[in-house]
Amino acid sequence: MSETVTLRARVDVPVERVHRALTSADELRVWLAEHAEVDLPNRYAFWGRFTPEGDAPSQTLEHVDDKSLRFTWHVGGEDTTVEFSLAADDTGTVVTVSQSHFPGWPDAVRETGVLGWLYTYWALNLANLAEHLEGRELTPKADFTTTDMRAAVDIAAGKEAVYRALVDAEEYSRWFGAKIDIEPWVGGRVAMGGFENNPEPGKVLDLAENERMSIDWGDDIVSTWELAESGGRTTLTFVQSGFVDGRTPYGAWMGWLSGVAELRRYVELPDWRPIWLQPDVPGLPEGMLTGE
């Protein structure tokens, strides 16, 4: 049985500015997709290598006004419905995006198909929408035409601060927005949702203080990150290797990418607060809710 997945993020710009970023083809090509065409109220389409099944446009515009946008997107063999809504808050805009036909959290974790990627796909793109609107460097997008999962970001902080945010469980849980337990030594455990909620935690394969870490998540998936500092800034390079039953784990990759966007904000912004508000993810295990 399918569900509707909903995410909410806050952006520190007015509603009108967010609406323009949602409905301008030029801006969509910055934060969302490789290709986009918009001719309101008749056409709204995006496709390309940063879009699942993006060989050709497959969206049909259903409704648009000053504070909402709704379209049908044929993906994963289903005519899904995507809806954006915008609401002013005390500092800017709350952006809500929902998409139907989410298969549920267990299938998403198992990477059983493209519909299971919907949650992390929109998490990454909402993070990049916020970065775009606030004038910050975007996080690398997921490229669905390649199995090479490697990216790097420049962070305006020393590598000790970045390292601490990546290995200290309390700090990691703050910026990632989900409970995580970490034993920061070779052979230690790493558990999304906490040890009490995760009977199959990852295992630390390699760890060098202020330098690098590798984690084996099972199913032959290994994630590795390295830090290099220059001039008080840090380059974080991260790689994900391995496949789930021969399938490329794009869902997990986009989850990590969206997390990196929040990591950068956490260590760079003195008045940091999460962009994420309480999500609505059917079946999400206790302890793994994003937000405050």
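Residues numbered from 1 in each chain as written. Predicted model: local features only at pLDDT ≥ 70, side-chain atom pairs only at ≥ 80, totals over all residues. Heavy atoms only, no water.

Caption draft 1: Region of the structure containing the packing of helix α1 (residues 15-23) against helix α4 (residues 118-133). At a closest axis distance of 11 Å, the pairing of α1 and α4 adopts a crossing angle of 120 degrees. By the angle class used here, α1 and α4 are oblique. Of the two elements, α1 crosses α4, and the hand of that crossing is right-handed. Of α4, the residues touching α1 (which contributes R17, V18, A21 and L22) are L129, H132 and L133. Partitioning the contact of α1 with α4 into residue classes produces five nonpolar, one polar and one charged. (Axes fitted to C-alpha atoms, helices over the stretch in contact; angles between N-to-C directions. Helix = DSSP H or I, 4+ residues; strand = E, 2+ residues; numbered from the N terminus. Parallel < 35°, antiparallel > 145°, perpendicular 65-115°, else oblique. Left-handed = near helix turned anticlockwise from the far one by under 90°. Contact = heavy atoms within 4.5 Å. Nonpolar A, V, L, I, M, F, W, Y, C, P; charged D, E, K, R; others polar.)

Caption draft 2: Structural view of the packing of aromatic side chains. Counting across every chain of the model gives 18 aromatic pairs. Aromatic side chains F144 and Y250 sit 5.0 Å apart centroid to centroid with 55 degrees between the ring planes, which places their arrangement in the tilted category. Linking F144 in the loop between α4 and β8 (149-155) with Y250 in helix α7 (residues 250-268), this pair joins segments that are 106 residues apart in sequence. Grouped by ring-pair contacts, the aromatic residues Y44, F46, F71, W73, F84, Y121 and W122 constitute a single cluster. Directly above the aromatic system of F50 lies the positively charged group of K141, at a separation of 5.3 Å from the ring centroid. (Phe/Tyr/Trp six-rings, centres within 6.5 Å; stacked < 30°, edge-to-face > 60°. Lys NZ or Arg CZ within 6 Å of the ring centre and 35° of its normal.)

Caption draft 3: Structural detail: a negative patch on the surface. On the surface, E200, D219, D220 and D245 cluster together into a patch of negative charge. Secondary-structure assignment places D219 in the loop between β12 (212-218) and β13 (221-230). Taking relative accessible area as the criterion, D219 reaches 55% and is therefore assigned exposed. (Patch = residues over 30% accessible without salt bridge, like charges linked within 9 Å, V, L, I, M, F, W, Y side chains within 5 Å. Areas by Shrake-Rupley, 256 points an atom, 1.4 Å probe, with all protein chains shown as cover. Salt bridge = Lys/Arg side-chain N within 4 Å of Asp/Glu carboxyl O. Lys, Arg positive; Asp, Glu negative; His and termini not counted. Charge placed at Lys NZ, Arg CZ, Asp CG, Glu CD. Buried < 20%, exposed > 50% of the residue type's maximum accessible area, 1.4 Å probe, protein only.)

Caption draft 4: Geometry of the pairing of β13. Alignment of β12 against β13, held across six bridges, turns out to be antiparallel. Each residue of the ladder has a partner; that of G218, found in β13, is I221. The hairpin formed by β12 and β13 contains two residues between the paired strands, and D219 there has a positive phi angle of roughly 55 degrees. As judged from the nine bridges shared by β13 and strand β14 (residues 233-241), these two strands associate in the antiparallel manner. Residue pairing in the sheet places L227 in a bridge with L236 of β14. (Pairing = 2+ DSSP bridges.)

Caption draft 5: Representation of the layout of surface pockets within the structure. Size it by volume and the second largest pocket reaches roughly 170 Å³. Forming the boundary of the second largest pocket are R10, D12, E134, R265, L269, D271, W272, R273, P274 and I275. Its residues assigned to classes, the lining of the second largest pocket comprises four nonpolar, no polar and six charged. (1 Å grid on protein atoms, 1.4 Å probe; cavity = no way out; pocket = protein on both sides within 12 Å on 5 of 7 lines; lining within 4 Å. Points joined across faces, edges and corners; volume = space filled by probe spheres on them.)

Caption draft 6: Just α7, in detail. A rise of 1.5 Å per residue sets the reference length of α7, with its 19 residues, at 27 Å; its end C-alpha atoms lie 27 Å apart and thus fit the reference within 8%. Extensive coverage of α7 is indicated by the burial of 18 of its 19 residues. (Expected span 1.5 Å × (residues − 1).)

Caption draft 7: Seen up close, the nonpolar core. Ranked by size, the top nonpolar core spans 85 residues in total, and within it F84, L166, W175, L236 and F238 carry the most contacts. If one sorts the elements of this core by residue count, α4 sits on top with 11 residues. Ignoring any residue separated from it by four or fewer positions in sequence, one finds L236 in contact with A151, A152, V153, I155, L166, W225, E226, L227, V260 and L263. (Core = buried A, V, L, I, M, F, W, Y, C linked by side-chain atoms within 4.5 Å.)

What is shown is where atoms sit, not what they do.
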